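# Reading the structure
What follows is the residue order along each chain.
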Amino acid sequence: MGVAVRKWCVAILTILLLPAVGFAAVEQVSVAMADRTRAVLDSEHSIFLAVTPHTGDAWSRLALRTTGKASNWKTLADLNRMGENLHRDREVMVPLSLARPELQLKILKEIFPSDRVTPEGWVHLVLAREMEGESLWKIAEWFTGDGANYSAIRTANSLARLSTRRGDPILIPDRLLLPHLRAPGQRQTRIAEVEDDPVDSRPSQAPSVSLASSVQPAVANSGPVALEFGSADGRPYAIYPLKKGEALYSSVAIRFTGRVYAKDVNEVVDQLVKYNGISDVSRIPAGYKVRIPMELLLPEYRPRSDPRRLAEEESRRESSRAVRRIRAMDLSGVHIILDAGHGGRDVGTLHDGIHESDYVYDVACRLKALLEKNTKAKVSMTTRSVALGYKVPNQNVLERRKDHVVLTSPTYQLENPVVGVHLRWYLANSILRKAMRSSIEPEKVIFISIHADSLHPSLRGAMAYVPGQRLVQGTFSKTQGVYLARSEVRESPTVTHTEEDALRAEGLSTELADSIIDAFAGAKLQVHPFKPVRTNVVRDGKEWVPAIIRYNKVPTRILLEIGNLGNVEDRSLIQTRKYREQVAATISRGIVDFFSKGELDRRPDLTANAAGK
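For the structure given in this document, a descriptive report is provided here.

About the criteria used
Residues numbered from 1 in each chain as written. Predicted model: local features only at pLDDT ≥ 70, side-chain atom pairs only at ≥ 80, totals over all residues. Heavy atoms only, no water. Helix = DSSP H or I, 4+ residues; strand = E, 2+ residues; numbered from the N terminus. Buried < 20%, exposed > 50% of the residue type's maximum accessible area, 1.4 Å probe, protein only. Polar contact = N/O pair within 3.5 Å; in protein donor to acceptor, adjacent residues only side chain to side chain. 1 Å grid on protein atoms, 1.4 Å probe; cavity = no way out; pocket = protein on both sides within 12 Å on 5 of 7 lines; lining within 4 Å. Points joined across faces, edges and corners; volume = space filled by probe spheres on them. Nonpolar A, V, L, I, M, F, W, Y, C, P; charged D, E, K, R; others polar. Core = buried A, V, L, I, M, F, W, Y, C linked by side-chain atoms within 4.5 Å. Contact = heavy atoms within 4.5 Å. Pairing = 2+ DSSP bridges. Axes fitted to C-alpha atoms, helices over the stretch in contact; angles between N-to-C directions.

## Observations regarding the side chain of Asn564
Tracing the chain through its elements places Asn564 in strand E26 (residues 556–564). Here Asn564 falls in the buried class, since its relative accessible area comes to 1%. In this structure the side chain of Asn564 is engaged in a polar contact, spanning 2.9 Å, whose partner is the backbone oxygen of Leu459. Polar contacts involving the side chain of Asn564 include one to the main-chain amide nitrogen of Gly566, which spans 2.9 Å.

## With respect to empty space enclosed by the protein
Overall, the coordinates contain two cavities of 30 Å³ or more when judged by the stated rule. Within this model, the largest cavity holds a volume of roughly 110 Å³. Lining the largest cavity we find Gly258, Leu298, Pro299, Arg308, Glu312, Arg470, Lys531, Arg534, Thr535, Asn536, Val538 and Glu543. When grouped by side-chain class, the residues that make up the lining of the largest cavity number three nonpolar, three polar and six charged. When its volume is computed, the second largest cavity comes out at roughly 40 Å³. In this structure, the second largest cavity is lined by Ala452, Ile562, Gly563, Asn564, Leu565, Asp570, Arg571, Ile574 and Tyr579. Elements that contribute at least two residues to the lining of the second largest cavity include exactly E26 and helix H18 (568–574). Split by residue class, the lining of the second largest cavity holds five nonpolar, two polar and two charged.

## Some words on the nonpolar core
As a rule of thumb, nonpolar side chains are buried together in soluble globular proteins. Counting residues in hydrophobic clusters, the biggest one holds 94 residues, and the most contacted among them are Phe143, Ile448, Ile562, Ile587 and Ile591. When residues in this core are grouped by element, the largest group, nine residues, is from helix H12 (residues 356–374). Dropping the residues within four chain positions of it, Phe143 is found in contact with Leu108, Phe112, Asp115, Trp122, His124, Ile172, Leu176, Leu177, Leu178 and Leu181. One finds Ala253, Val290, Leu296 and Tyr551 within the second-largest nonpolar core, a separate group that totals 58 residues.

## What about the pairing of strand E4 (residues 92–95)?
Along any regular strand the residues' side chains alternate between the sheet's two faces. The two faces of E4 match: Val92 and Val94 on one face and Met93 and Pro95 on the other face are all buried. Relative to E4, strand E3 (residues 47–51) is paired through four bridges, and the arrangement is antiparallel. If you follow Leu49 over to E4, its bridge partner there is Val94.

## A look at the sheet that holds strand E15 (residues 378–381)
Pairing is mixed in the open sheet, where six strands are placed in the order E15-E12-E19-E26-E20-E23. In this open sheet, the two edge strands, each paired with only one partner strand, are E15 and strand E23 (533–534). Relative to E15, strand E12 (residues 335–340) is paired through four bridges, and the arrangement is parallel. The residue of E15 that forms the bridge with Leu338 is Met381. Against the sheet, helix H13 (residues 417–437) engages E12, E15 and strand E19 (445–453), with an angle of about 170 degrees to E12. Along the sheet face, helix H19 (residues 577–595) touches E12, E19 and E26 and points at about 150 degrees away from the line of E19.

Written out as structure tokens, the structure is:
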């Protein structure tokens, strides 16, 4: 795809996104420029050139002057919700992506005067009024033309987190920069090389997915949200002004309260409707200030002095400090435990005749095959189909299977789903103990439980749960006969998680989850639009960690939801073997990327000890 075509694609995507965002956002930075223009960074972290029309200006002349093409006038008129006649008393907002290349450079330098261009790339200092900074997605949009390049920027800066903080220096590598933003001596030569760059480094590369799925990551990574706070009758609340095109259930209930299940989302919406005295949810005007009771808010959206927010932030810092990652090229010495959710008589989620258990088992088998073919990792499964084994059927829609067993000694036929879940983590703990007896570092053992969720139908994409440290500490055991009949349980029937264990598990698991979610975004696969990595499930007003990762002793463990079967698009995709293969390949890439960073395991006797045991 040529440079001009790619720029056109980005412009079209911008058009689609902007009506939902609107031009009513509060300006965070405004810098006067020459020729009656201003560089504007708004509270949603969108950048514009604000233009005051000249006397006698027409749309075509203004478009030519600001975008380089007179034919862009209709686009600007639509974006600014104006007709064919240009109003000289109204500023015209020109999105950064549509501005002429030389204007883009000027705008960015005006808004970010402390930034500098080096031979290595553009060094950007994060600018934000609050402590929380700009999203990597937005930074990638500004400087590379494609928000999906955030993953490459994150890698180049060795960032452990997806978020930034005010004052953070972020390097946008030269190979990713839009040609006109590169160091002067390198711009011309680099422009000629653009067509041969890898996909993830092409400037202005538009995502090769549907427009609907392209919009969601921009929502997911739209930067920090400035909420106002108030109190009535002793009950504190937050205030969020709805923007044009936003809905109460997605833009408020799902986004700010963390609810994702249809029943929970509907209950929260009912509470908000009653609390705000809304008579008709379909007729809420843009700008309406929705009050959200404080007790419903996720910690990250509460006031900075709120005890829950402070505790959550401290927990994240402590879990990050507790992490020790080991590098393993080609996954050499890595032991991967794969768990396909549900199985046997437990179908999991069921929508339109599609059983979760059959499709996640297929993905797990595909992932196992890819890892064993392309890496040096050892792969263990927690369950097995008696008749099918790990064979991958060459078909789209899968047959219903009920013959899965948990691979304990002896095996357990999946009759009772609760017993099945507990036996899986007991099995995982046993595999970990055996690996450690073979001198394998516990950090080189990972556990992934693969599921397909049933959420509110408006939601799409992958998301991951990790064991939040405050919800997994303590001691747990099972003493019923069905458990003690298995040798893996008798080995160590009681599980204890100390605070140190829990912090390390949250930190390591979060980094693995981030790596896999990054891989989904990099592969242009759908990612959950709001907080795709979570430390707990919120359901029926309660927070909890799924048992499969709560009691598990593997330090790096996640429950991965590969999509939402409650959404018709996700449900259609998962019924194609091509998509399931793509999901498996993407998870594999995320695992490889996770182990590509960290400390080198330099113990010379490790392999010898492992082989001699």
